[in-house]
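Residue-level structure breakdown
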Amino acid sequence: MGGDCSSPSGFLFLPPLMNPSQNETAWHRQGETPLLLFNGPRDEAPPLDPARPSGARSGLHPGRPPLPEAPDVDPRHARHTKAQAEEARRLRNREKRRGSDRLGWAAAEEEEKMMSRSYTNLLDLASGNFSALSLGGGRAPRRLPRVMTVPGTLADLQEEEERANSVASDVQSSQAQDRIIIVANQLPVRARRRPDDRGWTFAWDDDSLILQLKDGLPDDMEVLYVGSLRVDVEAHEQDDVAQALLERFQCVPTFLPPDLHDRFYHGFCKNNLWPLFHYMLPFSADHGGSGSRFDRSLWESYVLANKLFSQKVIEVINPEDDYVWIHDYHLMALPTFLRRRFNRLRMGFFLHTPFPSSEIYRTLPVREEILKALLNCDLIGFHTFDYARHFLSCCSRMLGIEYQSKRGYIGLDYFGRTVGIKIMPVGVHMGQLRSVLRLPDKEWRVNQLRQQFEGKTVLLGVDDMDIFKGINLKLLAFEHMLKLHPKWQGSAVLVQIANPPRGRGRDLQEIQGEIEESCERINKAFGHEGYSPVVFIDRPVSVVERIAYYTIAECVVVTAVRDGMNLTPYEYIVCRQGISDSQGSQADSPRNSMLVVSEFIGCSPSLSGAIRVNPWNIETTGEAMNEAISLSDGEKQLRHEKHYRYVSTHDVAYWSKSFMQDMERTCKDHFRRRCWGIGLGFGFRVVALDPNFRKLHVDGIVSAYVKAKSRAILLDYDGTLVPPASINKRPSADVIRIINTLCADKKNVVFIVSGRGRESLETWFLPCEKLGIAAEHGYFIRWSGDEEWETHSQNTDFGWMQIAEPVMKLYAESTDGSSVETKESALVWHHQDADPGFGSAQAKEMLDHLESVLANEPVSVKSGQFIIEVKPQGVTKGLVAEKILSSMVENGRQADFVLCVGDDRSDEDMFEDIAGVVTKKLVAPHTSIFGCTVGQKPSKARYYLDDTTDVVNMLGALADASEPSLSSPEERLEPMPSAESKSDYSH
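Residues numbered from 1 in each chain as written. Predicted model: local features only at pLDDT ≥ 70, side-chain atom pairs only at ≥ 80, totals over all residues. Heavy atoms only, no water.

As annotated in an unreviewed UniProt entry, the chain is alpha,alpha-trehalose-phosphate synthase (UDP-forming) from Musa troglodytarum. Check the Catalytic activity (unreviewed entry) section of the UniProt entry for the chain; it says "D-glucose 6-phosphate + UDP-alpha-D-glucose = alpha,alpha-trehalose 6-phosphate + UDP + H(+)". (UniProt positions renumbered as here; feature names shortened; annotations may be inferred.)

Okay, here's the thing in C-alpha cells:
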C-alpha cells in the first residue's frame, strides 16, 4: 500500500494512518480520515475490472474511523448499480406500505422530460436581466441517480382520492422505512486539494451541526445531505467529485458558479439578511459589514441559488417516502420551489439565527415573499419563543394569518394546511465533547495552561470575530471591573479567543481595530512584567486547545449583542464537569462553573443559573464579572449542577429527535387531504382540504335543480352576493334580476340569511316581493315582501346591552381604528382597521371581559373575523335553515333540493345543520343537498365556489333553468302560524 495509491479507474485511496483498534480516539487528532481521492479525468478510466467486487457505501460516521480502503469503482458502472439497488429497495418499501398499485414508476427518459416542464420560474416575480447570472458555458452536469419520477400535483379525480385515503395511516409507520434529506448551505464535509495537485481529499466535519443531528434519528434511517462545498471545484471535476461524495458520504453537492456564489452568500445573505436578522438597518448606501441597502439583483441571485439547491434535491428525492429538513436563512426561498413540485412533500425548516421583530423585518422589500416561502413548509423551528413570536407577529401583520395554540402546539392555518411552529434550542454533541475530553493531548494542554495561569483567576471568552459578538464591550466591562475592584489587578485574566471572521466589510475592520486598541490600553494600564490582564488569541484554535481553556476557566463571559443560539456556555459546562470514568482524572475534574451571558442570545433562557446582563451596560456587566468570580464554591457548584442536568439531557440528539417527532405529527394528515397548488411566483401555496370537499360544478347542480319538485335556496349576503371589499354594498341589478327569477318559480323558496340589520336588507331588496329575508342571523324573519317582520326568539329583554355597550365603547376608545355597531338585537365591535397585533390582543381581552360580566345574561359572546359580537342565545343561521325547512314540511312542500351558500363563520352553523336534515326528516329521503362556501378554505360545507362572481354565475344558471310562475300569490309559502313550532325554534 505504500507509494502511489493510484487505481486503474483514476481514483486514489489513502491508506490508514494507524490501526483504529490501537487508538480509536487518535482519529480525532488527525483531523481527517482515510478518504477517497480523485485523480485525473473520469473519461480516462478503463472499464470496471470484473475480478474486483463492486463498490458499496463505506458507512462512515462522525468520530468513527471509516473503512481503511475501498475497491476501485468505475463511477459509470457504480451510477447504474446504485440506481438499480435504490429502485429495488424503494419499490419493496412502497409495496409494503402503500400497495404496488399506489404509484407507477417511470423510466429515466421520462424523468428528463418531466424536468423540462417542472418549473414556473420564480424569478419572473422580479424584474431584471438574468443573463449575467446564467450558468453559461461548461458542460452540463450529469444527473445523479434517482428512482422517483412522479410529480406532486394530484389529479382531481375521485378514484385517485380514494387511493389516497386508503393510505392515510401509512404516515404512522416506523421512521425506519423513511429517508431524510438534510439541506444546508454547506455540506458536513471538509474538502481540500492534495499537495501534489493530483486530486481531492474529503473528511467528515465533526463540528458540523447537520452531521451531529444524525444521532437523534433512528439508526436505520437513511440520511442524505444536499449542500455546497467550501472550496471551488473546476467544472470538469464536478461530476466525479459529486459521484464520489454520493457513494462514500451520501452527500449531493450543489456547485454554484463563483460569481453567483459571491452574490448569493457575500451579497444577499451576509449584506442583507444577516444584518437585518441581527437588528441592524442599512441607513447609508454602503454600510460595510453591517449591511447594504437592498439590491434587487442580489435578491435575484439568492433566488437563483435556491433554485439550484432545489434541483439537486429533486434529482434524488422520493416525495412519497422522504422527509426534507432545510436549515438556516441561506435557503428560505427553497421551500416554495420544492412545494411547487411536490404538493404533499413532508418538509421542515429550522432557523439558526434570530428572527427580528416585525418593526425591523417589515423594512425588507421582499418580506412577504420570504414569509410565504417559509409557510410552504410543514414545520418551522426556532431556538426561542421570542424568535417564534416575532415570526408569528410578522405573519399576522403582513399576511393577516393568526396562530392558534392547541394542546401545547402552536400552528398557523394556511389555506387548509397547518404549519407547525417548533420552539426548541439546539444542544451540544455530548459524545464528541466526551471523546475529546478523553484525549491525552487534552490533559497535556490543560496542565500546560494551569502552569501558565498559576495563581490567576481566568475569565474566558470564545467568539467569532463578528460585529455582533460584543467582544469590545466585554473588554470595556473587564476594564471597568479592574478599575472598580483593584483586588483583581494582578490576579484576574481575561482570555479572549477570536475565531476567524466569516464575513467581510468596513465595519468588521473597524471592530477589529477597536478590539486591538482596547487590549493594548488595558494591558498597558494594569499589566506588568509576568502579568497581562488580557490575553487576546486571534488565530485558529484547535478543538483540544479550546476544550483545555474551558477546563481551566473559572467563568465564561458571552456579551453578544445579538446571537441566534451560541453554544459556548453549553460546551464550557460539559468541560467543567469532566469525565467521571477517566482513570486518575475524576478527582481533578472541576465540578463548578459560572456564566455571565448576554440576555440577547438564544441560550440565555435555558441557563437560569447564569448571571444575565445587558452587554450595552458596561458597568453592570463589569459588576456581573466580579460577582461571578467572587461567589463561594458551594454556590458555583449548585448552579453548575443545575446547568449540567439540562445541557446533558437536551443535547443535539434530543433536539433533532424532538423536531422529527413534531414533523411526523404535523404531516400525518398529508395523505388524507386533497391538495392542489395555486398562485404564481412566491404567491404559490398548496390548498389542502377534506377529500369530500370539492368545487361545485354548475352542470351538476343544474341537473339536480331541474329534477327537483320543491327547492329551498338560502343565501348569505356580504361576501356571497357582493364582494367583501366592495365599498358599495347594494346588490347589483343582475343580482336583483336573478333573485326575482328564482322567486318566480313556484317550486322555489328563496331566502337571504344575513347578519345585517333588517332595515338595509329591506330597502335593498324592495323589488323582490317574493323573497324571504332573515336579518341579524335570524332574530328577525320576513317571509315575503308583503308580510310583517317576525321576532324568533323568546329573549325580548335587552337589559344586557346596558352592561355590554359601555365595555365595548371603552375598548373602542382605547383601540384606534375600532368601532362599535349597534343592531336591534346585537352589539358588534369591529377592529379590522386597527393595528393587527393590538386589535387581536384587545379582542381576546374583550372576549374574556364580556364573558365575565355577561355570565348570567341570556346572551352568547362570539369572536369572528375582526369582530366580537354579543347576541341573544338561540339565534343562529343554522336554526333559521331548520325553521324554513320545517315550515315547508308543514305546508306540504317537503324539500328535495337544498342549496345554502355563505362565506364566513356564521354560515358554518347553516352548513352543519343542513347536513343532518335528512335524519330529522325535514327533507325528502333522497334530497340533493348543496352546502357551498365561498373561497377555497376549510369548511363544514361539501362544496366551494371561488368568489362572488362564481356564485352569481351559478345562480344565473339556476335562474335560466327555472320555470316561470303561473300561480297566484296565495300559493306562496305562508309563515308558520304554529305557536308550538315558534317555541321549539326559540329553544
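1. Some details on the pattern of salt bridges
A complete count under the given rule lists 37 salt bridges for this structure. Ionic pairing is found between D386 and R389, a salt bridge with its closest N-O pair at 2.9 Å. Highlighted residues: D386 and R389, both in helix 12 (residues 385-399), separated by three residues, approximately one helical turn. By relative accessible area, which is 40% here, D386 ends up partly exposed. Accessibility expressed as a relative area gives 39% for R389, which makes it partly exposed. We note a salt bridge from K442 to E443, for which the minimum N-O separation is 3.4 Å. For K442, a relative accessible area of 8% puts it in the buried group. Salt bridges sharing common partners tie together R190, D205, D207 and R230. (Salt bridge = Lys/Arg side-chain N within 4 Å of Asp/Glu carboxyl O. Helix = DSSP H or I, 4+ residues; strand = E, 2+ residues; numbered from the N terminus. Buried < 20%, exposed > 50% of the residue type's maximum accessible area, 1.4 Å probe, protein only.)

2. Focus on the nonpolar core
One recurring pattern in soluble globular proteins is that nonpolar side chains are buried together. Grouped together as the largest cluster of nonpolar side chains are 103 residues, with contacts concentrated most on V183, F355, I380 and F391. When residues no more than four places from it in sequence are discounted, the contact partners of V183 are V226, F309, V313, V324, W325, I326, H327, L331 and L334. Listed in part, the 79 residues of the second largest apolar core include Y225, V233, L439 and I579. (Core = buried A, V, L, I, M, F, W, Y, C linked by side-chain atoms within 4.5 Å. Contact = heavy atoms within 4.5 Å.)

3. Concerning the pairing of strand 9 (residues 346-350)
Within strand 9, five of the five residues are buried, which leaves the element mostly enclosed by the surrounding structure. Every second residue of strand 9 is oriented toward a common face, with R346, G348 and F350 on one face and M347 and F349 on the other, all of them buried. One ladder, built from five bridges, connects strand 8 (residues 322-327) with strand 9; its direction is parallel. Within strand 9, the position partnered with V324 by the bridge is M347. Handedness of the crossover joining strand 8 and strand 9 through helix 9 (residues 334-341): right-handed. (Pairing = 2+ DSSP bridges. Right-handed = clockwise from strand over helix to strand, strands pointing away.)

4. Here's the deal with the sheet that holds strand 3 (residues 179-186)
The strands making up a sheet associate through hydrogen bonds between their backbones, and the pairing can be parallel or antiparallel. Taken together, nine strands build an open sheet; the order of strands is 7-6-3-8-9-10-13-12-11 and the sheet is mixed. Single-partner strands in this sheet number two, and they are strand 7 (251-253) and strand 11 (403-406). In this sheet, adjacent strand axes meet at a mean angle of 25 degrees when their direction is disregarded. Relative to strand 7, strand 6 (residues 222-228) runs parallel, the two sharing three bridges. If you follow V226 over to strand 7, its bridge partner there is V252. (Axes fitted to C-alpha atoms, helices over the stretch in contact; angles between N-to-C directions.)

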